[in-house]
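Structural overview
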Amino acid sequence: MTSNETASDRDDPTTTAPDRASRRAFLGSTAALSTIALAGCMGGDGSGSGGTDTATATDTPTATPAETATPTEEPTETEEMESVTPDVPVLNYALTLEHLENAFYRDGLAEFSDEELMNASVLSGFGEQVRMEVPASLATVGEHEAAHVEAISATVERLGGTPAEEAEYDFGYETPSEFLAVAQALENTGVAAYAGAAPSVHSNDVLAAAAGIHSVEARHAGFLNLVNGDSPYPNAVDESMSMAEVLEIAGQFVTSDTSGMAGTPETESMPVARKAENDTSDVDVLNYALTLEHLENAFYRDGLAEFSDEELMTADVLSPFDEAVRMEVPASLATAGEHEAAHVTALTDVVERLGGTPVEEAEYDFGYETPSEFLAVAQALENTGVAAYAGAAPTVTNDDVFAAAIGIHSVEARHAGFLNELNVESPFPAGVDEAMSMAEVREIAGQFIVG
């Protein structure tokens, strides 16, 4: 392992300026709650980018425009609500999140050089492989957030609304390590914000796009957890945050007018007719998810029984990594396995409570023979799981079932990002994760089922 003994002077922990000390105290207290930085809300009259007519990135979400009424020149509050689709307020809420994250990466990456980021003291325990990829990975994350801003702005305009504008912010970091700490908090809070807002979405097209962004935020968060020395996936189910909770957190980072952050959209309490027009019941969707969780649970259970910790740590595919990373692999895989087992238990219980019969575990042949092949199959399974949950979301009727599924969806994305990393691929290869239909996922899963 190559350690860093000469961190950047800008990352010197001996600095004692009062304002810096107060910022560190703030970071320390709020990070403990995983909510230190917001996820996405801000005032509406700061200077910044508005929406564009079309999204320019090929991997950004789109929504099918709905027919809307033409607003009068001076609409009343009620008339203005009727002139746009119910999803515009939720989309603008998400847009405030993306504006904040976009500004954070844009400005922070302009302030710190690649060398300063690679030499951040928080990365001193990592070898060269991890430290060298941090600047490029952060740049990719920033590109994702910028693409989200463009896509959501364009969607709001197509639905008849006015996109929220960028505000002015003070994120409180002064060193590369503090920048990475705030990035971690922002991304984890972003995961919770999307999970909390998703049940308020009316359009299945908008929901599918939101789910694709939600899982990418989780991939970002997992990577930032990792480089900050924390577990990429600390929980089996990610928690959600309400709009009000996120708005309250956001105010700590917005330095422009925050009068527009006082409340949550009226549409948050409107009934949501989310169910897609098909004959798939919630029990069917749950058993579909349970089929995948059985498969993943068996994969980790049997594979971790077959390979020793030493065999996993010395897998050929891990050769680029230093000892510190390789030593964490067995425990991280065991945690992923525990998560899948917990998902099996939870889904089984819900199916029974809804009056259904839980699908049982099958017999499988995953085809791996070496630790490297085991890690490759793990990567494929987890990424398929992300796409499967995203594809099934619009078919769920029950809000409680939907909320739980969203919480599992982002954990699968955290797993997938980590497995991508171990297989020396980008943890977040696209700005929006794609969804798969049930038929597509069943075809993939069927390749491993032998009885």
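What you see is a predicted model; the values in this text were computed from it and never measured.

Reading the values: the criteria
Residues numbered from 1 in each chain as written. Predicted model: local features only at pLDDT ≥ 70, side-chain atom pairs only at ≥ 80, totals over all residues. Heavy atoms only, no water. Helix = DSSP H or I, 4+ residues; strand = E, 2+ residues; numbered from the N terminus. Buried < 20%, exposed > 50% of the residue type's maximum accessible area, 1.4 Å probe, protein only. Contact = heavy atoms within 4.5 Å. Areas by Shrake-Rupley, 256 points an atom, 1.4 Å probe, with all protein chains shown as cover. Axes fitted to C-alpha atoms, helices over the stretch in contact; angles between N-to-C directions. Parallel < 35°, antiparallel > 145°, perpendicular 65-115°, else oblique. Left-handed = near helix turned anticlockwise from the far one by under 90°. Nonpolar A, V, L, I, M, F, W, Y, C, P; charged D, E, K, R; others polar. Polar contact = N/O pair within 3.5 Å; in protein donor to acceptor, adjacent residues only side chain to side chain. Patch = residues over 30% accessible without salt bridge, like charges linked within 9 Å, V, L, I, M, F, W, Y side chains within 5 Å. Salt bridge = Lys/Arg side-chain N within 4 Å of Asp/Glu carboxyl O. Lys, Arg positive; Asp, Glu negative; His and termini not counted. Charge placed at Lys NZ, Arg CZ, Asp CG, Glu CD. Phe/Tyr/Trp six-rings, centres within 6.5 Å; stacked < 30°, edge-to-face > 60°. Core = buried A, V, L, I, M, F, W, Y, C linked by side-chain atoms within 4.5 Å. pLDDT = per-residue confidence, 0-100. Expected span 1.5 Å × (residues − 1).

1. Points about the overall build of the protein chain
- Along the protein chain, the regular secondary structure elements total 14 helices and 0 strands.
- Within the protein chain, the fraction of its 451 residues that count as buried is 53%.
- Long-range contacts, defined here as pairs at least 24 residues apart, represent 87% of the contacts in the protein chain between residues at least 6 apart.
- In the structure as shown, the protein chain presents an accessible area of about 18,900 Å², 50% of it carried by carbon and sulfur atoms.

2. Points about the packing of helix H3 (residues 88–111) against helix H6 (residues 176–197)
- Taken N-terminus to C-terminus, the directions of H3 and H6 make an angle of 170 degrees; their axes are 11 Å apart at the nearest point. Between H3 and H6, the interaxial angle falls into the category roughly antiparallel. By crossing handedness, the relation of H3 to H6 is classed as left-handed. In this structure, H3 contributes Val90, Tyr93, Ala94, Leu97, Glu98, Leu100, Glu101, Phe104, Tyr105, Gly108 and Leu109 to the contact, and H6 contributes Phe179, Val182, Ala183, Leu186, Glu187, Gly190, Ala193, Tyr194 and Ala197.
- Partitioned by chemical class, the residues of the contact of H3 with H6 number 15 nonpolar, 2 polar and 3 charged.

3. Description of the side chain of Asp87
- Positionally, Asp87 belongs in the loop between helix H2 (77–82) and H3.
- A polar side-chain atom of Asp87 sits 2.7 Å from the main-chain amide nitrogen of Ser203.
- Beyond its immediate stretch of four places on either side in the chain, Asp87 contacts Ser200, Val201, His202, Ser203 and Val206.

4. Digging into a negative patch on the surface
- Residues Glu306, Asp309, Glu310 and Glu311 make up a contiguous surface patch of negative charge.
- Per element, the largest residue contribution to the negative patch is 3 residues, and it comes from helix H10 (residues 309–313).

5. What to know about the packing of aromatic side chains
- If you walk through the whole model with that rule in mind, you get 21 aromatic pairs.
- Between Phe299 and Phe366, the aromatic rings sit 5.1 Å apart at their centres with planes inclined by 80 degrees, giving edge-to-face as the arrangement. With Phe299 in helix H9 (residues 282–306) and Phe366 in the loop between helix H11 (323–353) and helix H12 (371–392), the pair connects residues that are 67 residues apart, well separated along the chain.
- Look at Phe366 and you get buried, because its relative accessible area is 10%.
- Relative to Tyr368, the ring of Phe307 lies with its centre 5.8 Å away and its plane at 50 degrees, an arrangement referred to as tilted.

6. Some thoughts on unusual backbone geometry
- With phi around 55 degrees, Val424 is a residue other than glycine that occupies positive phi space.
- The class for Val424 is partly exposed, based on a relative accessible area of 44%.

7. As for the pattern of salt bridges
- On inspection of all chains with the given rule, the structure shows 7 salt bridges.
- For Arg301, the salt bridge goes to Glu361, with nearest N and O atoms at 2.9 Å. Highlighted residues: Arg301 in helix H9 and Glu361 in the loop between H11 and H12, separated in sequence by 60 residues.
- One continuous salt-bridge network, built from bridges that share partners, spans Arg106, Asp107 and Glu166.

8. Brief notes about the side chain of Ser410
- Within the element layout of this structure, Ser410 appears in helix H13 (residues 399–422).
- Those residues in contact with Ser410 that lie beyond four places of it in its chain are Val191, His214, Ala218 and Asp238.

9. A few points about the nonpolar core
- Phe104, Phe171, Phe299, Phe366 and Phe374 are the most contacted members of the largest nonpolar core, which totals 105 residues.
- When near neighbours in sequence (up to four residues on either side) are disregarded, Phe299 contacts Phe366, Tyr368, Phe374, Val377, Ala378 and Leu381.

10. What about the packing of helix H7 (residues 204–227) against H13?
- Packing of H7 against H13 leaves a shortest axis separation of 8 Å and a crossing angle of 50 degrees. Here H13 runs oblique to H7, going by the angle between their axes. By crossing handedness, the relation of H7 to H13 is classed as right-handed. Every residue of H13 that contacts H7 at Leu207, Ala211, His214, Ser215, Ala218, Arg219, Ala221, Gly222, Phe223, Asn225 and Leu226 is listed here: Phe402, Ile406, His409, Ser410, Ala413, Arg414, Ala416, Gly417, Phe418, Asn420 and Glu421.
- Grouping the amino acids of the contact of H7 with H13 by side-chain chemistry returns 11 nonpolar, 8 polar and 3 charged.

11. A word on the confidence of the model for the protein chain
- On average, the protein chain scores 82 in pLDDT, and the residues at 70 or more come to 77%.
- Ignoring residues within four places in sequence, the model shows residues 1–10, a span with pLDDT below 50, making 28 contacts including any to other chains.
- A low-confidence stretch, residues 12–81 (pLDDT under 50), is modelled with 155 contacts involving residues beyond four sequence positions or located in other chains.

12. Points about the environment of Ser242
- Along the polypeptide, Ser242 turns up in the loop between H7 and helix H8 (243–250).
- Judged by relative accessible area, which is 28%, Ser242 ranks as partly exposed.
- Sequence-wise, Ser242 and Ala195 are 47 residues apart; in three dimensions their C-alpha atoms are separated by 8.6 Å.

13. Some points on the environment of Thr370
- On the secondary structure map, Thr370 appears in the loop between H11 and H12.
- Thr370 sits in the partly exposed class, given a relative accessible area of 33%.

14. A look at H9
- The end-to-end C-alpha distance of H9, which contains 25 residues, comes to 36 Å, matching closely the 36 Å that a straight helix rising 1.5 Å per residue would cover.
- The buried fraction of H9 amounts to 18 of the 25 residues, a majority that puts the element mostly inside the structure.

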